[in-house]
Amino acid sequence: MSAITPHTASTFAPMFLAHGSPMLAIEDSAAHQYLKALGDSLPRPRAIIVLSPHWETEGLRVSAPGPLRTIHDFGGFPRALFEIQYPASAPENLVADVMQRLTTAGIAASVDASWGLDHGAWVPLSLAFPDAGIPVVALSLPLTYGPEQMLELGAALSPLKDDGVLILATGSTTHNLRMIMPKTTPAADWAVAFDDWLDQGLLTGAPEKITDLTANPQLRLAHPTEEHLLPVFFALGAGGAGAKGELLHRSYEYGTLSMSYYRFAA
């Protein structure tokens, strides 16, 4: 089985990366350019943990050691997207470490060999780290989790950020595919307003302001379902106690998709 490199002193602030449409992988945009520059702006992590909203499961799952297949979980897109492969591999010792930390935190999880890297994971990874040479462990999004549980999950794995591991969550802070417009359409007012509301909690390190999602009257405009929003709470929790978000980039695509990128640190 593959293994991660020895301990380093590198500390990586956990990040939330909007993954957008699968076309983000091959179509130029401000978000595409941001992700292409991201990897070069960071020291090279010894491993990556990624949580994508497109792996929803009954109970928490952790990718099994070994190669992670590239999952093209979409249809109707150009052949060039289906030809992309991201041949990363999950290291046995990091999978074991993740499982141990979850057990210690009282979080039930199982190792799962059935999945791999869906487009929510491999699209941003292929832009930021195109050589696919960094070991990757994928986490699922449990169907019963809400913001509080996602914060707890992030907190359980937070110490890994100080051990050379880059913790990533992907999704979108606004995600209403029912209202998709042409790609360059200006952002809908409700999308901007919802991002502003989220920032009140994320950028101030006050998650209690935003964990009650139903308190925002625009919730169902921004998120008919919540799976693309919940990973941001995982990244915030992984930042550690007192972590605050820093907004690194924000643009909008298709009028409804917020391409927001954050990192979280105390």
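Before reading further, recall that the structure is shown in the block above.
J.: Provide a residue-level description of the pattern of salt bridges, including the pertinent values.
T.: Counted according to the given criterion, the structure contains 10 salt bridges. The salt bridge involving Arg44 is made with Asp131; its shortest N-O contact spans 3.0 Å. With Arg44 in the loop between helix H1 (30-41) and strand S2 (47-57) and Asp131 in the loop between helix H4 (119-128) and strand S9 (136-142), this residue pair connects regions lying 87 residues apart in the sequence. Notably, a salt bridge pairs Asp195 with Arg250, separated by 3.3 Å at the nearest N-O pair. Of this pair, Asp195 sits in helix H6 (residues 189-202) while Arg250 sits in strand S11 (residues 244-253); the two residues are 55 residues apart in sequence, bridging distant segments of the chain. Among the charged side chains, a network of salt bridges with common partners joins Asp195, Asp199 and Arg250.

J.: Describe the packing of aromatic side chains, naming the residues involved and giving the relevant values.
T.: According to the stated counting rule, one finds eight aromatic pairs in the structure shown. Taking the centre distance of 6.4 Å and the plane angle of 55° together, the rings of Phe16 and Tyr262 count as tilted. Placement of Phe16 in strand S1 (residues 15-18) and of Tyr262 in strand S12 (residues 257-265) is noted, with a sequence separation of 246 residues between them. Each member of the pair, Phe16 as well as Tyr262, carries the same accessibility label: buried. Here Phe74 and Trp122 contribute two aromatic rings whose centre-to-centre distance is 6.3 Å and whose plane-to-plane angle is 50°, an arrangement assigned as tilted. Here Trp122 lies in helix H4 and Phe74 lies in the loop between strand S5 (69-70) and helix H2 (79-82), a separation of 48 residues in the sequence. We classify Phe74 as buried; its relative accessible area is 14%. An aromatic cluster of at least three residues, connected via ring pairs, comprises Phe74, Phe77, Phe82 and Trp122.

J.: Got a sec to walk through the nonpolar core? Specific residues and values, please.
T.: In terms of nonpolar packing, the biggest core is built from 84 residues, with Ile48, Val98, Leu102, Leu117, Trp122, Phe234 and Tyr261 touching the most fellow members. When near neighbours in sequence (up to four residues on either side) are disregarded, Val98 contacts Ile49, Val62, Leu139, Leu157 and Leu160.

J.: Help me get a handle on the environment of Val95, residues and values and all.
T.: Along the chain, Val95 turns up in helix H3 (residues 92-104). Note on Val95: relative accessible area 3%, which makes it buried. Here the alpha-carbon distance between Val95 and Ala13, two residues 82 residues apart in the chain, equals 20 Å. Ignoring any residue separated from it by four or fewer positions in sequence, one finds Val95 in contact with Val62, Ser63, Ala64, Pro65, Ala90, Val111 and Val137.

J.: Go over the side chain of Thr173 with me, naming the residues and quoting the values.
T.: Within the fold, Thr173 resides in the loop between strand S10 (165-171) and H6. Given the relative accessible area of 0%, Thr173 is considered buried. A distance of 2.6 Å separates a polar atom in the side chain of Thr173 from a polar atom in the side chain of Asp195. A polar side-chain atom of Thr173 sits 3.0 Å from a polar atom in the side chain of Ser258. Discounting chain neighbours no more than four positions away, the residues touching Thr173 are Phe16, Phe194, Asp195, Leu198, His223, Leu229, Ser258, Ser260 and Tyr262.

J.: I'd like a description of the environment of Ser258, backed by residues and values.
T.: When you line up the elements, Ser258 lands in strand S12. Judged by relative accessible area, Ser258 falls into the buried class, the value being 0%. Spatially, the C-alpha atoms of Ser258 and Leu153 are 24 Å apart, while their sequence positions differ by 105 residues. Not counting the four nearest positions on each side in its chain, Ser258 is found in contact with Ala18, Ser172, Thr173, Thr174, Asp195, Arg250, Ser251 and Tyr252. There is a polar contact of 2.6 Å between the side chain of Ser258 and the side chain of Ser260.

J.: A description of the pairing of S2 should follow, citing residues and the corresponding values.
T.: Along any regular strand the residues' side chains alternate between the sheet's two faces. The buried fraction of S2 is high, at nine of 11 residues. Sheet analysis places S2 next to S10, joined by five bridges and oriented parallel. Looking across to S10, one finds that Ala47 is bridged to Val165. Both S2 and S9 contribute to a ladder of six bridges, which runs parallel. Across the sheet, residue Ile48 finds its bridge partner in S9, namely Val136.

How each quantity is defined
Residues numbered from 1 in each chain as written. Predicted model: local features only at pLDDT ≥ 70, side-chain atom pairs only at ≥ 80, totals over all residues. Heavy atoms only, no water. Salt bridge = Lys/Arg side-chain N within 4 Å of Asp/Glu carboxyl O. Helix = DSSP H or I, 4+ residues; strand = E, 2+ residues; numbered from the N terminus. Phe/Tyr/Trp six-rings, centres within 6.5 Å; stacked < 30°, edge-to-face > 60°. Buried < 20%, exposed > 50% of the residue type's maximum accessible area, 1.4 Å probe, protein only. Core = buried A, V, L, I, M, F, W, Y, C linked by side-chain atoms within 4.5 Å. Contact = heavy atoms within 4.5 Å. Polar contact = N/O pair within 3.5 Å; in protein donor to acceptor, adjacent residues only side chain to side chain. Pairing = 2+ DSSP bridges.

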